[in-house]
Amino acid sequence: MSSGRKIFALICAFGVVSACSSSGSQDTAQTPPASAAPGTDVTESADPAQADAIMRIVDEAMTERHLRAVIVRVTVDGEEIVTRAVGESMTGVPATTDMHFRNGAVAISYVSTVLLQLVDEGTVTLDDTVSRWLPDIPHTDRVTLGQLAQMTSGYPDNVIGNDEFADAIYADPFRSWTPEELLAYATSKPLLYEPGTNWNYAHTNYVILGLALEKITGETVETLVQERVLEPLGLDGTHAAQTATIPEPVLHAFSSERREFLGVPPATPFYEDSSFWNPSWTITHGAVQTSNIYDLHDTAIAVGTGELLSPESHRAMVSTELRGRTHAQPGCPTCAEQSEGYTYGLGVVISGDWLLQNPLFAGYSAVEAYLPDQKVAIAVAVTYGPEAFDDTGAYPNQAEMLFREIGAQVAPDHAPPMPAR
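Residues numbered from 1 in each chain as written. Predicted model: local features only at pLDDT ≥ 70, side-chain atom pairs only at ≥ 80, totals over all residues. Heavy atoms only, no water.

Peer 1: Explain the state of the cysteines to me, and be specific about the residues and the numbers.
Peer 2: Scanning all chains against the criterion turns up one disulfide. The disulfide partner of C332 is C335, and the gap between their sulfur atoms is 2.0 Å. The sign of the S-S torsion, about 85°, decides the handedness of the disulfide formed by C332 and C335: right-handed. Both residues of the pair, C332 and C335, belong to the buried class. (Disulfide = S-S within 2.5 Å. Buried < 20%, exposed > 50% of the residue type's maximum accessible area, 1.4 Å probe, protein only.)

Here's what the structure looks like:
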């Protein structure tokens, strides 16, 4: 497997698995002892038996899938079922529920929300061509704002399947990237297909969309997201990352994914702290963020209910219209058929009856998901132990599998689709 595929194929993949041990458990679902660690809220579970069942799933995953830490929060119709952290952030430092981590693709939903708010206000339409604001970027005269948000533009990804870019990231994981540098890896190439006729996961879309939103409004993406999304939703634990820092307390991540690039033999132990690798390549500048489990949970509800959007715009955001219209394509590693298990809306993934985002990079994975029918919200964040990585340094999105198993436990009649084994 090439390095470009291995490191990033995870971000849009449907399903996979997790693992580690349950030492250092912090519980908010049942009354903890007086010595409970900082960051642990004392609240009663609305369903202690369900909380225990969820934690059995987590504990089993920790053991069998070699996870270093799991932070989980589950509510049903606003009633807390469980909020708990298990495992370690660093050796001897227990994970706690107030720890911060990178939220990656969760911010994609924030950026698409800003776009749809501008549609609601009559400032733009989803059918506006991007060249109106960014005429110097190749192909923008053929691509619309809506196609960027839905990832049907045809732009190649600057990340997945791009060995040159992967090598640059692995050679210097602390490098700060500009949008122009990121786009240079993608926009000089031909479109993969006529815009609107297929789908492929491409970070390129949201880099361009961020630049377009800044031209449209005269505001930075950071300001737009802060004033239009984070502040109205009260997401005070989510912050734009101007640098690679993470606010304290930090949930540290560790990774072996540079093993193959660095030529480390499979038999040689290799495991490094990846917490402060620079995430500037992951999305448009201004939307690179850190967060916590509470804000991920609240995001799931806000995005799932369309709190900040008109009913029409929210229907567009969570539409499954791409099913039956997309396909795998030679030369396009991220082109895929949209299915019951994974369909892309406008910055939101629809899986079964669930609405979610599922970031995975630099040793972190997470999921925030909402089931509108039963008002179930699930947030999971995961880090990995050394044994979770294969001989090449690859690893799956274990937060994704945990979400699916927890969802099946809490809402068995609406269980999230499981990936084929």
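Peer 1: Can you lay out the nonpolar core for me, pointing to particular residues and giving the numbers?
Peer 2: Ranked by internal contacts, the top residues of the largest apolar core, which has 120 residues, are V70 and I406. Ranked by residue count, the leading element in this core is helix α3 (residues 106-120), at nine residues. In this view, I406 contacts I54, I57, V58, V72, V74, I378 and V380; residues no more than four positions away in its chain are not counted. (Core = buried A, V, L, I, M, F, W, Y, C linked by side-chain atoms within 4.5 Å. Helix = DSSP H or I, 4+ residues; strand = E, 2+ residues; numbered from the N terminus. Contact = heavy atoms within 4.5 Å.)

Peer 1: Can you lay out the pairing of strand β15 (residues 376-384) for me, pointing to particular residues and giving the numbers?
Peer 2: By the criterion of burial, β15 is predominantly enclosed, with nine of the nine residues buried. Of the pairings in the sheet, the one linking strand β2 (residues 67-76) to β15 comprises nine bridges and is antiparallel in character. Bridged to A69 within β15 is T383. Pairing between strand β14 (residues 364-371) and β15: eight bridges, direction antiparallel. Across the sheet, E368 pairs through a bridge with A379, a residue of β15. What sits between β14 and β15 in their antiparallel hairpin is a turn of four residues, with K375 showing a positive phi close to 55°. (Pairing = 2+ DSSP bridges.)

Peer 1: Lay out the sheet that holds strand β5 (residues 101-102) with the relevant residues and their values.
Peer 2: In sheet architecture, strand pairing relies on hydrogen bonds along the backbone and comes in two forms, parallel and antiparallel. Strand order in the open sheet formed by three strands is β5-β9-β6, with antiparallel pairing between adjacent strands. Of all the strands in the sheet, the pair left with one neighbour each is β5 and β6 (239-240). Bridge count between β6 and strand β9 (residues 289-291): two bridges; the pairing is antiparallel. Following the sheet pairing, A240 is matched in β9 by Q289.

Peer 1: Mind laying out the packing of aromatic side chains, listing which residues take part and the relevant values?
Peer 2: Using the criterion set out here, one finds 15 aromatic pairs in the structure. With 5.3 Å between their ring centres and 75° between their planes, W354 and F403 make a pair best called edge-to-face. Residue W354 is found in strand β12 (residues 354-357), and its partner F403 is found in helix α12 (residues 398-410); the two are separated by 49 residues along the sequence. Across the pair, exposure class does not vary: W354 and F403 are buried alike. (Phe/Tyr/Trp six-rings, centres within 6.5 Å; stacked < 30°, edge-to-face > 60°.)

Peer 1: Tell me about the environment of A166, and name the residues and values.
Peer 2: Along the chain, A166 falls in helix α5 (residues 163-171). For A166, a relative accessible area of 0% puts it in the buried group. Sequence separation of A166 and R258 is 92 residues, and the distance between their C-alpha atoms is 9.9 Å.

Peer 1: Summarise the side chain of S291; cite the residues concerned and give the values.
Peer 2: Within the element layout of this structure, S291 appears in strand β9. Residue S291 is classed as buried on the basis of its relative accessible area, which comes to 0%. Here S291 is in contact with M99, H100, F101, N103, G237, T238 and L296, once residues within four sequence places are set aside.

Peer 1: Could you give an account of the packing of α3 against helix α7 (residues 203-217), with specific residues and numbers?
Peer 2: Where α3 meets α7, the closest approach of the two axes is 11 Å, and the angle between their N-to-C directions is 40°. Here α3 lies oblique to α7, going by the angle between them. As for the relative orientation of α3 and α7, their crossing is left-handed in sense. Contact residues: I108, V111, S112, V114, L115 and L118 in α3; Y206, L209, L213, I216 and T217 in α7. Residues that form the contact of α3 with α7 fall into these classes: nine nonpolar, two polar and no charged. (Axes fitted to C-alpha atoms, helices over the stretch in contact; angles between N-to-C directions. Parallel < 35°, antiparallel > 145°, perpendicular 65-115°, else oblique. Left-handed = near helix turned anticlockwise from the far one by under 90°. Nonpolar A, V, L, I, M, F, W, Y, C, P; charged D, E, K, R; others polar.)

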